[in-house]
2 protein chains.
Amino acid sequence: MQLKVKFLKLSAGRPVAVLHKKLAVKSSMHVDERVLIRKNSHKIVAVVDIAVGMLKEDEIAVSTEISQQLSLKEGEMVYVEPATSPQSIPLISKKLKCKTLNYQEIKKIMQDIVENALTESEIAYFISAVYRCGMSMKEIEEMVRAIVDTGKKLNLKQKLIADKHSIGGIPGRTTPIVVSICAAAGLTFPKTSSRAITSPSGTADALEVICKVDFTIPEIKKIINKTNACMVWGGSLGLAPADDKIIQVERLMNLDPDAQLLASIMSKKLAVGSKYILIEIPYGKHAKVNKKQALNLEKKFKLLAKRFNVKLECALIETKEPLSNGIGPALEIKEVISVLKRESSGFMLEERALVLAGKILELTGKAKSKKGLQMAKKILDSGEALNKFKQIILAQKGKLNGLREAKIKKQILSQKSGEVKEINIKSINTLARLLGCPADKFAGIYLHKHLKEKVKKGEKILTLYSESSSELDGAIKFYNQSNPITIK
Amino acid sequence: MQLKVKFLKLSAGRPVAVLHKKLAVKSSMHVDERVLIRKNSHKIVAVVDIAVGMLKEDEIAVSTEISQQLSLKEGEMVYVEPATSPQSIPLISKKLKCKTLNYQEIKKIMQDIVENALTESEIAYFISAVYRCGMSMKEIEEMVRAIVDTGKKLNLKQKLIADKHSIGGIPGRTTPIVVSICAAAGLTFPKTSSRAITSPSGTADALEVICKVDFTIPEIKKIINKTNACMVWGGSLGLAPADDKIIQVERLMNLDPDAQLLASIMSKKLAVGSKYILIEIPYGKHAKVNKKQALNLEKKFKLLAKRFNVKLECALIETKEPLSNGIGPALEIKEVISVLKRESSGFMLEERALVLAGKILELTGKAKSKKGLQMAKKILDSGEALNKFKQIILAQKGKLNGLREAKIKKQILSQKSGEVKEINIKSINTLARLLGCPADKFAGIYLHKHLKEKVKKGEKILTLYSESSSELDGAIKFYNQSNPITIK
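Bear in mind the structure is a predicted one, so any value in this text is a computation, not a measurement.

Participant: What's the story with the side chain of His450 of chain B in this structure? I'm lost.
Facilitator: All names here are of chain B. Locating His450 in the fold gives a position in the loop between strand S15 (444-447) and strand S16 (454-455). For His450, the side chain forms a polar contact with the side chain of Glu321, separated by 3.1 Å. What His450 contacts, discounting residues up to four positions off in sequence, is Glu321, Ser324, Asn325, Phe347, Val420 and Ile423.

Have a look at this one:
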């Protein structure tokens, strides 16, 4: 059919076409289905939205993705027809039947995801299929390959490229310390991080308090060539765009099938060219995984590393409480700086960062076996790590001062005397988010007491920081209900 | 955060709010997530779209669903925050883990679907869960109840309310003949039908050629009170709105899990108050199900009927070719009329309709055991069925004449002599859709030859009807490739 173009003046991140409800009913089109829009020999596939009132039955309102690609003018006529469904639909169906996919098939799905040819609902079907049916190691390997092959690459010339990843969820930022120590030791460390999804602060959120984290690939290469390392947000780089999109859809349901988690982490590390990879897997009652799951992940990571010919180690560490006293973007980066400056140990932060850095130094051959921790400590104590950190922050257009406190501060005192028996990390995370994290950079929590510490009635156990009194009130209410710190 | 309102002037069938990309990144909001928008004590949950260029960072563009519900003016300030996710999300997660849901849990999911609180991706997760994990008979029963309880009801006063449903896919419309015979016999027959999804014509599409099919519930009651029956489109009545929405999302992947199929059909029949239900299950190589699947469905339908205290029978009939010569909305209704007028038997149409009507007459006690077919034939032969049909069509503001031929007609001649060995129903359906069905009402196919008939070289086997020569060309190309009729 021929329809008259109206401009929607909206760029929705994907091509969206709005049809009149009556026309949609007549031609059996539904929200979230696709139409093929043609002008001369140019064409584009768009997702259908249905409207009444903003357009006539013989009109089609198009988002800027469509008007630009087809060079349309308002009032012009275009040909519109139901689009044949993407080639990956029957492949997703196949996986939903728990059948095995080969490289070409997985690649087709990843490609359609990257090209916006699949709707979020269709991606949800794919994720469900992987969640319910699982994937063989061969399939996971091929998904990693397909994600990398449909994204950009960093293509660094350096040889000793190291990387780390933590199967998150625990507050406290070891990454800036580990990266600074390793880069000071001469390793190349192209670290890309995510922003917080369910936690109070991702590494990117914390670093953003003191420097830029959003760079282009050429800019990142410059930073690395100057400093050996970078600490940037990976979200807009397009290094593993299929994975970025899958994660968006996964979070709706808090799903994170093992196969997808493995593919996601490996593909991001391979896209930046890492050859030496350390995966930190904190486990325990309040962590993302228990010990059995952690061991299972370790096994699979190692199998995968062999297939891609990279050296990989996992650090499985039981973790029962936040790593640092500060929780929240600014409070966490502040503690990182105090560790680098040798002003404090930042509760467990220094110890954990040294363990991880030591393992990477051994993995890359910079340190001899069992000498990594010692070397890491030397680099930290000598101030070399701090200098390296300053260099990187400067290259990322930042500076170390400028940290302020949040507008509102509230002490939480213990109602009784006793010992700290349990800290519910998930409740602490929720508390910090209610205080405004990660959007309010200076909001968060300072933990005055840790596991097994003695507490007297009336003693400070937490300080809450917030930018708004209504958020503080909500947080206090939640604290009283959830009681995240058990004292007995 | 506080944002300034802009009007999107778009009603998208669900509340949509557009945020600026930078703001979205900062506050970790993503396409397809939800925000809670507040003005004074009024609030609404909206799905997030992200845009650049149509609004400023401190603005929010809202669809008319939002502006109306909150009585907003452009330029006003509203409070916006990430919405807590719907209560049904963890329940969908639970089903994805293959656990059993109870009535309250299923009801919550259906309610959230009806209230637009779930996105299509989240509904896709639910459908995947049901597809992969299945549902117990108890769960299916409770899903039926939940779908009915979250929709409208017809609430007819009549007692002998009959209904039929066919597990579709086979061209040829028995429904108008069956309804006319049964209503002439004094049964109440509130027939709601769907439009074609993958077939060339649904019952609603075919009837729409000669009368209206889109009515409100009070209008439908008037039609039934006048004529004992109706034959309307069920899509906009809100009788089982959760199911309508689920079907929309299922079709993306051509999924139709058994549990959902059972719940869908039963809920629609119960919503109109049917007490006597006939389910036609055509099976065979080119039908939707094979014999084993048909028997399994029959068993489950009967169990379900017992739980809802309705009388139900299944008619399992092996079906190897279209029921009528005509395929396409107008061509099919034309043949229905010729059967009712006793001008032809419409290939198998008369025979199949009589069998089905006979079974319903027996089920309701209108005919004695094994006397149904005879009674149905008598009503058809006497002209009572035709009169009843005319009455219904008139009550639905239609008339029997006014059927024209499509603009273009093309004969397909046999390339060889032999016997018709096979008719691929799915390919015939695709062929009719390529000719323009169901949007072009007069497009379609006329089958001159049927299974086991002798054909001479050069004899007509098909006539193709279309409104456009380009569609005809495409259809002929497909015919030559797929060769849907095997002559040997």
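Participant: What is the right way to look at the interface of chain A and chain B in this model?
Facilitator: Interfaces are often sized by the amount of accessible area the parts lose when they come together. Every contact between the two is made by 49 residues of chain A and, on the other side, 50 residues of chain B. Summed over the three residues of chain A that lose the most area to chain B, namely Tyr125, Leu252 and Met253 of chain A, the buried surface amounts to 18% of that side. Linking chain A with chain B are zero salt bridges, by the criterion used here. Across the chain A-chain B interface, the total number found is seven residue pairs in polar contact (both at pLDDT 80 or more). Breaking the side of chain A that touches chain B down by element, the ones donating at least two residues are helix H1 (21-26), strand S4 (42-51), helix H3 (88-96), helix H5 (120-133) and helix H10 (241-250) of chain A. Element by element, the count of residues in the side of chain A that touches chain B is highest for H5 of chain A, at ten residues. For the side of chain A that touches chain B, the residue count by class is 27 nonpolar, nine polar and 13 charged.

Participant: What am I meant to see in the sheet that holds strand S4 (residues 42-51) of chain B here?
Facilitator: Paired through backbone hydrogen bonds, the strands of a sheet run either parallel or antiparallel to each other. Residues and elements named next belong to chain B. One closed barrel accounts for six strands, arranged S1-S5-S2-S4-S3-S6; its pairing is mixed. On average, each strand axis in the sheet is tilted by 45° relative to the strand beside it, whichever way the strands run. Pairing analysis gives three bridges linking strand S2 (residues 16-20) to strand S5 (residues 59-62), with the strands arranged antiparallel. The partner of Val18 across the bridge, within S5, is Ala61.

Participant: What should I look at first to understand helix H18 (residues 469-482) of chain A in this one?
Facilitator: Since the α-helix advances by 3.6 residues per turn, residues separated by three or four positions end up pointing in the same direction. Residue and element names in this part refer to chain A. Taking 1.5 Å of rise per residue, the 14 residues of H18 would be expected to cover 20 Å, and the 20 Å separating its terminal C-alpha atoms lies within 8% of that figure. Of the residues making up H18, those classed as buried are Leu472, Ala475, Phe478 and Tyr479. For H18, the angular spread of the buried residues around the axis is 125°, confining them to a single face. Exposed side chains of H18 directed beyond 90 degrees from the buried face belong to Ser470, Asp473, Lys477, Asn480 and Gln481. Those residues of H18 hidden inside the fold are in contact with strand S13 (408-413), helix H17 (425-434) and strand S17 (460-466). Asn483 lies just past H18 and shows a positive phi near 45°.

Participant: Just checking my understanding: could you explain the side chain of Gln396 of chain B for this structure?
Facilitator: Residue and element names in this part refer to chain B. Position of Gln396 among the secondary structure elements: in the loop between helix H16 (384-395) and strand S13 (408-413). Take Gln396: its relative accessible area is 0%, and that puts it in the buried class. Beyond its immediate sequence surroundings of up to four residues, Gln396 is in contact with Cys211, Lys212, Val213, Phe215, Ile223, Cys230, Met231 and Val232.

Participant: For this particular structure, what's the right way to read the relation of the copies chain A and chain B?
Facilitator: Two copies of one chain are present, and they are related through a rotation about an axis combined with an axial shift. If you rotate chain A by 180° and push it 0.1 Å along the axis, it lands on chain B with an RMSD of 0.1 Å. Both chain copies can therefore be described as sitting about a two-fold axis. Taking C-alpha positions as reference, the residue of chain A nearest the rotation axis is Ser121 of chain A, located at 2.0 Å. Both copies contact each other with a shared surface, as 100% of the interface residues of chain A are interface residues in chain B too.

Rules and cut-offs
- Residues numbered from 1 in each chain as written.
- Chains lettered and ligands numbered in written order.
- Predicted model: local features only at pLDDT ≥ 70, side-chain atom pairs only at ≥ 80, totals over all residues.
- Heavy atoms only, no water.
- Helix = DSSP H or I, 4+ residues; strand = E, 2+ residues; numbered from the N terminus.
- Polar contact = N/O pair within 3.5 Å; in protein donor to acceptor, adjacent residues only side chain to side chain.
- Contact = heavy atoms within 4.5 Å.
- Buried area = accessible area lost by both parts, 1.4 Å probe.
- Salt bridge = Lys/Arg side-chain N within 4 Å of Asp/Glu carboxyl O.
- Nonpolar A, V, L, I, M, F, W, Y, C, P; charged D, E, K, R; others polar.
- Pairing = 2+ DSSP bridges.
- Axes fitted to C-alpha atoms, helices over the stretch in contact; angles between N-to-C directions.
- Expected span 1.5 Å × (residues − 1).
- Buried < 20%, exposed > 50% of the residue type's maximum accessible area, 1.4 Å probe, protein only.
- Arc of directions from axis to C-beta.
- Least-squares fit on C-alpha atoms with pLDDT ≥ 70 in both.

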